[in-house]
Amino acid sequence: MSEFKNSLSRSISKSTILHYCVKKYYFSTYSNHLKDIDLWLRNDAMVAKNIKSLAMRLGECLHDLMSDYLHLLKSNQDSSESIEKTKISLIAKMDRDFQISKNRDYTKYNSDLKFGLTEHYYKENIDWLYSQWKNAMIESFDNFCKSELNFEIKQYFQDPENIIFIEPKEKNFESMKIEIDNIPDLMWINVYAQPDFGIITKDKKYIIYDWKSGRIPQKDPNLISDQLKVYAYKVLQKIWLENLDNIDVWAYEVFLKWIVKFGWKITKQDLLDIEQKIIDDVNIQKNFLVNKDIESNIPMESSNFARTSDPYKCKDCTFYRVCEELKKYEKISDLNSVQMPDANEVEHSDDDFPF
C-alpha cells in the first residue's frame, strides 16, 4: 500500500466532485494551498470544506441509525425498547449538533470545532426545515423496520456461519483502503471504499447493501451504479476474477423511504469496468498536479481548475462565496485550464438530495 500520507487519493466522493465541478474538486482537496494567495481565502475555504448541507447531515444520521440498529441485531438486542432508545439517543445528539451549528463562529477556522451546516454558514434560518426533514429521516428508518427487507436481513443474522459486516460510524481509513498496488497505473495511489452493510453466507453468496436517504432516481432498477461496483471490487479484491465464476455477488442501493432496491448480480465485466474507471479518474487527477507528481501531490495554480458552466450547480455550492472571491486573484482564464471529458451522467451521493 501507499507509504505516503499526503499522496494522491481516489474515492467515490472525490470522483463525484471531480466530474461535477473541477473547481469544487480543487477547493475540497487543496483548500490549504489558498494560503499562498490570500490567508482569508484559505480560512474561509477550510471552514467551507468541513461543513455539510442539512440534507447531507441528516443522510449521515440515517446511516448512523441503520448502523446502530444492525449492531442491535448482531447482538440479539433488537427489542422495541432498545430500538426506541437508540432513536431517542440519536435525535438528542442531532438536536445538540444543530444548536452547535447555529451558535458557532464561521468567520474563523477552528480545527477543534469543524462541524457546521452550510445553511448556517450562509446565515439562513432553517429551524422549520430541520424539524421537517428530521421527522422524514425517522419515518424512513421506521419504514425499513416494518419492511420485508428487514425481515429478510434478520434471517442472515440467525445463522452463525454467515459473516456479517457493518460499516463503523467512525471512519477507519486504513480499513477503507483497496489493495491496488498490483495495478501499475495505480501504484502509490490511495483508493478508498467501504460498503454500508455486507453479508457472506455460508454457501459463499456475497450480498452488498448501500443505504440511500434521497429520492428514487429515474433509471433502470437493475442498473449497477459505479458506487456498488467499487464496493464489490473491494469486497472481492482477495478473490479476484479467476475465482468469481463459483461465487454469487449481488449489490443493491436501498432507498429507505420507499424501500426500493436498485442493483443486480455483479459480473466480471462490472469489476473490469470499475477498475478502468478508477484508472481514468486517477489519470485526470494527475493532470492537475505539478509535474504529475502523485507523491508530492502539489496542485497546479487554481486557475487551471475549471469552473462549471452550470449556474444551478453554483447556486447551492458550499464554496460559492470563496469561489467568487477567488476570481479576483486568478490571472489565467478558465478557458486555458485542463479540460474535463464530457460526462452524460454524473452519479451523486444519496445525500445530495433532500428527503
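So, a few notes on the structure that sits alongside this text. (Residues numbered from 1 in each chain as written. Predicted model: local features only at pLDDT ≥ 70, side-chain atom pairs only at ≥ 80, totals over all residues. Heavy atoms only, no water.)

1. A few points about the nonpolar core
Then step 1. Leu8, Phe27 and Leu34 are the most contacted members of the largest nonpolar core, which has 51 residues in total.
Then step 2. Mapped by element, the contributors of at least two residues to this core are helix H1 (12–20), helix H2 (22–30), helix H3 (39–49), strand S5 (205–212), helix H10 (226–235), strand S6 (248–255), helix H11 (268–286) and helix H13 (320–326).
Then step 3. Those residues in contact with Leu34 that sit more than four places away from it in its chain are Tyr26, Phe27, Leu41, Arg42, Ala45, Val322 and Leu326.
Then step 4. Within the second largest apolar cluster, 40 residues are counted, among which are Phe98, Phe144, Phe157 and Ile164. (Core = buried A, V, L, I, M, F, W, Y, C linked by side-chain atoms within 4.5 Å. Buried < 20%, exposed > 50% of the residue type's maximum accessible area, 1.4 Å probe, protein only. Helix = DSSP H or I, 4+ residues; strand = E, 2+ residues; numbered from the N terminus. Contact = heavy atoms within 4.5 Å.)

2. Let's talk about the pattern of salt bridges
Then step 1. Within the structure shown, the criterion is met by 24 salt bridges.
Then step 2. In this structure, the salt-bridge partner of Glu253 is Lys212, at a minimum N-O distance of 3.8 Å. Highlighted residues: Glu253 in strand S6 and Lys212 in strand S5, separated in sequence by 41 residues.
Then step 3. Through salt bridges that share partners, Lys52, Arg57, Glu60, Lys93 and Asp97 make up one connected network. (Salt bridge = Lys/Arg side-chain N within 4 Å of Asp/Glu carboxyl O.)

3. Here's the deal with the pairing of S6
Then step 1. Counting buried residues along S6, seven of its eight residues qualify, which places the element largely inside the surrounding structure.
Then step 2. Note: S5 against S6, eight bridges, orientation parallel. Across the sheet, the residue bridging to Tyr209 is Tyr252, located in S6.
Then step 3. As paired strands, S6 and strand S7 (residues 260–265) are joined by six bridges and run antiparallel to one another. Residue pairing in the sheet places Trp250 in a bridge with Lys265 of S7.
Then step 4. Between S6 and S7, which follow one another and run antiparallel, lie four residues, and Ile259 among them has a positive phi close to 50°. (Pairing = 2+ DSSP bridges.)

4. Here's the deal with the pairing of S5
Then step 1. Burial within S5 is extensive, with seven of its eight residues counted as buried.
Then step 2. In the sheet, strand S4 (residues 197–200) pairs with S5 via four bridges, with the strands oriented antiparallel. Directly across from Ile199, in S5, lies its bridge partner Ile207.
Then step 3. Counting the residues in the hairpin turn of S4 and S5 gives four residues, including Lys204, whose phi is positive at 65°.

Don't take any of this as a statement about function, it's just geometry.
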